[in-house]
Protein chains: 2
Amino acid sequence: MVKRATIGDVAAHAGVSTATVSRVLNGGAVTEVTATKVWSAVTRLEYTPNALTRGVFAGRSSTIGVVIRDLASPFYFDLIRGIDEVAGAHGSLVMFSNTFRRVDSEVAQVRAMDEQRVRGLIVTTGEPSDERARRMAAGGTPCVVVARTVRNPPPGLHSVSLDNVAAGRLMAGHLAACGRTSVGVVIAGTRPSQRERTAGLRQALAEFGLPLPPDAVAVAPAEGEVSDAVGLLLARDKRLDAIVCTTGRLAVAVHAGLSDRGLSIPDDIAFLTMDDFPWAPALGITVVAQPAYEMGRRATELVVEAPGEAAELVFEPALIKRRSCGEA
Amino acid sequence: MVKRATIGDVAAHAGVSTATVSRVLNGGAVTEVTATKVWSAVTRLEYTPNALTRGVFAGRSSTIGVVIRDLASPFYFDLIRGIDEVAGAHGSLVMFSNTFRRVDSEVAQVRAMDEQRVRGLIVTTGEPSDERARRMAAGGTPCVVVARTVRNPPPGLHSVSLDNVAAGRLMAGHLAACGRTSVGVVIAGTRPSQRERTAGLRQALAEFGLPLPPDAVAVAPAEGEVSDAVGLLLARDKRLDAIVCTTGRLAVAVHAGLSDRGLSIPDDIAFLTMDDFPWAPALGITVVAQPAYEMGRRATELVVEAPGEAAELVFEPALIKRRSCGEA
DNA sequence: CTGAAAGCGCTAACAA
DNA sequence: TTGTTAGCGCTTTCAG
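What counts, and at which threshold
Residues numbered from 1 in each chain as written. Chains lettered and ligands numbered in written order. Predicted model: local features only at pLDDT ≥ 70, side-chain atom pairs only at ≥ 80, totals over all residues. Heavy atoms only, no water. Helix = DSSP H or I, 4+ residues; strand = E, 2+ residues; numbered from the N terminus. Expected span 1.5 Å × (residues − 1). Buried < 20%, exposed > 50% of the residue type's maximum accessible area, 1.4 Å probe, protein only. Contact = heavy atoms within 4.5 Å. Near = heavy atom within 4 Å. Polar contact = N/O pair within 3.5 Å; in protein donor to acceptor, adjacent residues only side chain to side chain. Nonpolar A, V, L, I, M, F, W, Y, C, P; charged D, E, K, R; others polar. Salt bridge = Lys/Arg side-chain N within 4 Å of Asp/Glu carboxyl O. Pairing = 2+ DSSP bridges. 1 Å grid on protein atoms, 1.4 Å probe; cavity = no way out; pocket = protein on both sides within 12 Å on 5 of 7 lines; lining within 4 Å. Points joined across faces, edges and corners; volume = space filled by probe spheres on them. Least-squares fit on C-alpha atoms with pLDDT ≥ 70 in both.

Draft legend 1. How the structure looks around helix H5 (residues 74-89) of chain A. In this model, H5 of chain A (16 residues) spans 23 Å end to end at C-alpha, consistent with the 22 Å of a helix rising 1.5 Å per residue. The complete set of buried residues in H5 of chain A reads Phe-75, Tyr-76, Phe-77, Leu-79, Ile-80, Gly-82, Ile-83, Asp-84, Val-86 and Ala-87 of chain A.

Here it is, written out as structure tokens:
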């Protein structure tokens, strides 16, 4: 096992001090001849600087931490692309971890990021991890919470989210415009985003004279529970003519639940989901999309630019009409 | 901006030495009373250990580096899930970066991972980055190349790949079984995986008496070029009755290229692609799948277990029959 | 069981 | 322009 060259080895080989090596590496004032000597030693020894040590000295690393709740969701996927792109443009690496939707894991991962002294943190986790994010923000590490807002955020703790009520209203409006009169909803749980979307939906539906009773909303935390949820909705109201899914993560499963029962879209039932995805055009599925990629970009810019005040960015959803809800 | 507590602060508050604090933090021999004093100081000061410094001392960090060529591919997506899962189980964070398919970026990212002194490295990059991977392996950092093999690998440089020839043969066999007689192929480029898949396809097709002339293979490096490639194939042979796509990344685009021309699948033309994806069942698309998730897991296990010899894992593809090729 | 002291690889004053 | 000298925060001998 070959030992790695240190800055000391380079210094020795070049016949200069470590300070001088550090200077040529980081662009200090040095003679051209010294620089040449040093660079040749660097090449000869295949010296690769140790970013860890640099980070120790600086008090923090140069990588950006990202804690994702569930990689499998199309929203997170585009979000990561956006994050990765601007991080790359700033020469920052991205360190990420996935919490598999477990709260204890969320807290642990955020803590791990803190231990790594990340330059900034982007999380899509729930409120339990906010405490640490606040501390980190107070300590000078910009944090961005994505997909929900933070109550009473201190300086340095930002949020990037969607106007979820508007998303719900958009869905309701389209369904009504397509002449649907009885809608069932599959939601993933009780996170704020889910509740707000449902609220917006109910609100706007009511304005069209269409009620959305509580039992027209079925909860399916995981894919495996979706089929039952769909079954429940269908059984409850024989005249159900629309199903909406408030999270892209479960869209495949909801769609499958409908197909498995021999229901044809949109003739037998309309299907509308959150979050656009690459195959949606091929399937003709109408969606309410979040600008996930742009949200990832903006979140990362907040980390990089580290504004003093707490920024609270809210993005607007967009209805992308395809065929799955029929036409008016 | 609140200053972070260091181990020295904790020591001072607990009335012990930094060595003792380090011992209680890392499980050395200490009295119960000292331990209690230290822990209470830790809590009071909200002390969070600095993983960077730890890494400096250990000579390496505890995070695993992953360099991905293109996040947008379904293969990489499942691969990452596998990586993330076993890394999580071992308490390692994952640091990843995306190279957007640019060779210079690949080399730079791998270098960055080296500078970070990652505990191990998993790359899906091309050969130019192998040189550094060899050096890293020689220095005791296990490296795993995914999606291709490495010629003459030194100890510590492993590979995890697919039997691409078998994948091509599988595709050919299915197409022949479905009675297709003239196939066109869309490939992404000239990487080994693409060439091997094409070779397997051609080979097996020939055994069925079906030739695959060079101009029945169209190259489309990016999504934007797919439609033209499909057009070319269609124009070349009016009797074309099957299109295969050798990479999941371009499947959406190929499928769209067919639909846009009003071609119905499988009646007008069969469609067969590499890499399974969540919506494939809904679309009835037949695929030859790679066990991407499992490959990610195994790659990470190689990093964690760091076998002395160079491991060369080859996985088998699987045909998942759906409706897009019609039946025999 | 505990503390003092040395040092991991690097950067940043401060002199020379 | 360069070298010397302190550290950064932590771990690890080595005495006691």
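Draft legend 2. Up close: the environment of Ala-220 of chain A. Residue and element names in this part refer to chain A. Tracing the sequence through the fold places Ala-220 in the loop between strand S7 (217-219) and helix H10 (226-236). As a C-alpha pair, Ala-220 and Ala-188 span 32 residues in sequence and 5.1 Å in three-dimensional space. Residues contacting Ala-220, with those up to four places away along its chain left out, are Val-186, Ile-187, Ala-188, Glu-225, Val-226, Ala-229 and Leu-250.

Draft legend 3. Focus on the protein's contact with DNA strand C. Residues in close proximity to DNA strand C total 23 residues, the closest being Ile-7, Tyr-47 and Thr-53 of chain A together with Thr-20 and Thr-34 of chain B. By atom count, sugar and phosphate contribute 65% of the portion of DNA strand C lying within 4 Å of the protein. Within the backbone of Ser-17 of chain B, one N or O atom sits 3.1 Å away from a phosphate oxygen of DNA strand C. The side chain of Thr-31 of chain B places a nitrogen or oxygen atom 2.6 Å from a phosphate oxygen of DNA strand C. The element best represented in the surface near DNA strand C is helix H2 (residues 18-26) of chain A, accounting for 4 residues. Per-class residue counts for the surface near DNA strand C are 11 nonpolar, 9 polar and 3 charged.

Draft legend 4. Fine view of the interface of chain B and chain A. Taken together, the contacts link 53 residues of chain B with 53 residues of chain A. In this structure, the connection of chain B to chain A is made through 4 salt bridges. Note that Arg-135 of chain B is salt-bridged to Glu-46 of chain A, the shortest N-O span being 3.2 Å. Where chain B touches chain A, the interface holds 17 residue pairs in polar contact (both at pLDDT 80 or more). Put simply, the parts of the chain that give the side of chain B that touches chain A at least two residues each are helix H4 (51-58), helix H5 (74-89), strand S2 (94-98), helix H6 (103-115), helix H7 (130-138), helix H11 (251-260) and helix H12 (280-283) of chain B. Residue contributions to the side of chain B that touches chain A peak at 6 residues, all from H6 of chain B. A per-class count over the side of chain B that touches chain A returns 26 nonpolar, 15 polar and 12 charged. As judged from the 3 bridges shared by strand S2 (residues 94-98) of chain A and S2 of chain B, these two strands associate in the antiparallel manner. Bridged to Val-94 of chain A within S2 of chain B is Phe-96 of chain B.

Draft legend 5. Quick peek at the protein's contact with DNA strand D. Around DNA strand D, the surrounding shell holds 23 residues, and the nearest of these are Thr-20 and Thr-31 of chain A together with Ile-7, Tyr-47 and Thr-53 of chain B. A share of 63% is what sugar and phosphate atoms reach among the atoms of DNA strand D within 4 Å of the protein. Between a phosphate oxygen of DNA strand D and a main-chain N or O atom of Ile-7 of chain B, the distance comes to 2.4 Å. At 2.5 Å, a side-chain N or O of Tyr-47 of chain B approaches a phosphate oxygen of DNA strand D. If you list the elements that add at least two residues to the surface near DNA strand D, you get H2 and helix H4 (51-58) of chain A together with helix H2 (18-26) and H4 of chain B. Class assignment of the residues belonging to the surface near DNA strand D gives a composition of 11 nonpolar, 10 polar and 2 charged.

Draft legend 6. Quick peek at empty space enclosed by the protein. This model, assessed by the stated rule, comprises 3 cavities of 30 Å³ or more. Within this model, the largest cavity holds a volume of roughly 90 Å³. A class-by-class count of the residues in the lining of the largest cavity yields 5 nonpolar, 6 polar and no charged. Here the second largest cavity is characterised by a volume of approximately 40 Å³. Grouping the amino acids of the lining of the second largest cavity by side-chain chemistry returns 8 nonpolar, no polar and no charged.

Draft legend 7. Structural detail: the relation of the copies chain B and chain A. Under the fitted operation, chain B is carried onto chain A by 0.0 Å of movement along the axis and a turn of 180 degrees, and the coordinates agree to an RMSD of 0.1 Å. Taken together, the rotation angle and the small translation identify this as a two-fold axis. Relative to the rotation axis, the closest C-alpha in chain B is found at Met-95 of chain B, a distance of 1.9 Å. With an isologous cut-off of 70% or more, the 100% of interface residues of chain B that recur at the interface of chain A puts this contact in the isologous class.

This is a description of form; function is not addressed.
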